[in-house]
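The chain contents come next:
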Amino acid sequence: MKTEDIALFHRIVETGSLVAAADLLNLPKSTLSRRLQSLEEELKVKLFHRQARVISLTAAGTHFYQKSLGILSQLDETLIELTGDDAELSGHLRIQMFPLPETAILNRLIFRFMALHPRLTVEVIDSTEVVDMVKAHLDVAFLIENSIEGQDLVAKPVLTTELGFFASPEYLARCGEPRTLSDMADHNVALYRLVNGRIFNEFEVGIGPEEVKVKVQGNFCTNNLVLAREYALLGKGIVYLPAEMCDAYLATGQLRQLLANYQPYVGECFLVYPSRRFVSQACRRFIDFVLQELTPDGKPMSMRSAVEPG
């Protein structure tokens, strides 16, 4: 019995269909079906009920899935122990990246990891969509706070960013500058559509016990931070953004930071992976690599310090 066939069986269970599993693994459906049939013949049990396009686990299939999860996990742990940290990796790594601007450091880390392991293939999915990482066959993801709420994930903070309010001199000359949090109610502020569909119109200011939320209103809503910045640069209104997105425009005078007398809110970007699924050797080594680079002292790196000059 091949462990690769057991892993394929897991992908079918987690995606819910042969077609979806074949697409994710870049294999013909016929190949997947043949290898599943071979596994069933070796086990001498039927793992799935097959009805037209619908596939569901039998009682034996459910039992085998639950038991083999632990087996594959132990096997992978053993391989890690035997091969050590310097062994070359192979296989495929799927990474979801929340499309945050100014995070070139994450791109560079992925490419450096690939250079260390040329037999490894990597797929990066740039998306704000909240998905079941197991069903989507995602090994790891880089997500912001609002994207991981309510999910069964292991989350490690790797980057932090200071968030603040910014506007152009043109807007401030036309509409005045807010001096207090209560002044914000009289201004046009860009709103955000969160990945769960909710409109985000309450922005945080301050840290820890000093943290307060400011409710705002505006005539523009987006899920794109770069577009929101353009909205502010054109003098349309106030925008709430990570500071490093605005540094260059502050230097040229195209934007001004508002409410500077208030402590900025510190947001976090997390490296996450499913807690209910075994972590492959390649995934574990990638997680360790990222944590070593971004949290060498156990604390997440400031995104502002991670941005390359110019």
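Look a little higher up for the structure.
Notes on the packing of helix α1 (residues 3-15) against helix α3 (residues 29-43)
1) Next: Their axes nearest at 10 Å, the elements α1 and α3 cross at an angle of 115 degrees. With respect to each other, α1 and α3 are oriented roughly perpendicular. Considering how the two elements wind past one another, α1 and α3 form a crossing that is left-handed. Along the contact surface, α1 presents E4, D5, I6, L8, F9 and I12, while α3 presents L32, R35, L36 and L39.
2) Next: Residue classes in the contact of α1 with α3 are distributed as 7 nonpolar, no polar and 3 charged.

Things to note about the sheet that holds strand β11 (residues 221-222)
Remark on secondary structure: sheet strands pair via backbone hydrogen bonds, oriented parallel or antiparallel.
1) Next: Taken in spatial order, the 3 strands line up as β8-β7-β11 in an open sheet, and their pairing is mixed. Both edges of this open sheet fall to β8 (199-200) and β11, since each of them pairs with a single strand only.
2) Next: Here strand β7 (residues 191-193) pairs with β8 via 2 bridges, running antiparallel. Across the sheet, residue Y192 finds its bridge partner in β8, namely F200.

Focus on the pattern of salt bridges
1) Next: Applying the stated criterion to the full structure yields 7 salt bridges.
2) Next: Among the ionic pairs, E40 bridges to R50, the shortest N-O distance being 3.1 Å. Here E40 is found in helix α3, whereas its partner R50 is found in strand β1 (residues 48-51), with 10 residues between them in sequence.
3) Next: Here D288 makes a salt bridge to R284, at a shortest N to O gap of 3.7 Å. With D288 and R284 both in helix α10 (residues 281-294) and 4 residues apart, this pair spans about one turn of that helix.
4) Next: Since its relative accessible area comes to 38%, D288 is described here as partly exposed.
5) Next: Salt bridges here are not isolated pairs; linked through shared partners, they connect E177, R179 and R256.

A word on the packing of helix α5 (residues 104-116) against α10
1) Next: Two numbers describe how α5 lies on α10: the axes approach to 11 Å, and their chain directions differ by 130 degrees. By the angle class used here, α5 and α10 are oblique. In the crossing of α5 with α10, the sense of the turn from one axis to the other is right-handed. Seen from α5, the contacting residues are I105, L106, L109, I110, R112, F113 and L116; seen from α10, they are A282, R285, F286, F289, E293 and L294.
2) Next: When its residues are assigned to classes, the contact of α5 with α10 shows 10 nonpolar, no polar and 3 charged.

Describing the nonpolar core
1) Next: Membership of the largest hydrophobic core comes to 70 residues, with the highest contact counts inside it found for F142, F165, Y192, L241 and F286.
2) Next: The leading source of residues in this core is α10, at 8 residues.
3) Next: Look past the residues within four positions of L241 in its chain and what remains in contact with it is E162, L163, G164, F166, Y192, L225, A228, R229 and C246.
4) Next: Of all hydrophobic cores here, the second largest spans 18 residues; its members include V13, A22, L69 and L72.

Observations concerning the environment of P169
1) Next: Inspection of the secondary structure assignment puts P169 in helix α7 (residues 169-175).
2) Next: Residue class for P169 comes out partly exposed when judged on its relative accessible area of 29%.
3) Next: In the structure, P169 is positioned 84 residues away from G253 in sequence and 7.8 Å away in space, judged by C-alpha atoms.
4) Next: Excluding residues within four positions of it along the chain, P169 makes contact with G253, Q254, L255 and R256.

Rules of the game
- Residues numbered from 1 in each chain as written.
- Predicted model: local features only at pLDDT ≥ 70, side-chain atom pairs only at ≥ 80, totals over all residues.
- Heavy atoms only, no water.
- Axes fitted to C-alpha atoms, helices over the stretch in contact; angles between N-to-C directions.
- Helix = DSSP H or I, 4+ residues; strand = E, 2+ residues; numbered from the N terminus.
- Parallel < 35°, antiparallel > 145°, perpendicular 65-115°, else oblique.
- Left-handed = near helix turned anticlockwise from the far one by under 90°.
- Contact = heavy atoms within 4.5 Å.
- Nonpolar A, V, L, I, M, F, W, Y, C, P; charged D, E, K, R; others polar.
- Pairing = 2+ DSSP bridges.
- Salt bridge = Lys/Arg side-chain N within 4 Å of Asp/Glu carboxyl O.
- Buried < 20%, exposed > 50% of the residue type's maximum accessible area, 1.4 Å probe, protein only.
- Core = buried A, V, L, I, M, F, W, Y, C linked by side-chain atoms within 4.5 Å.

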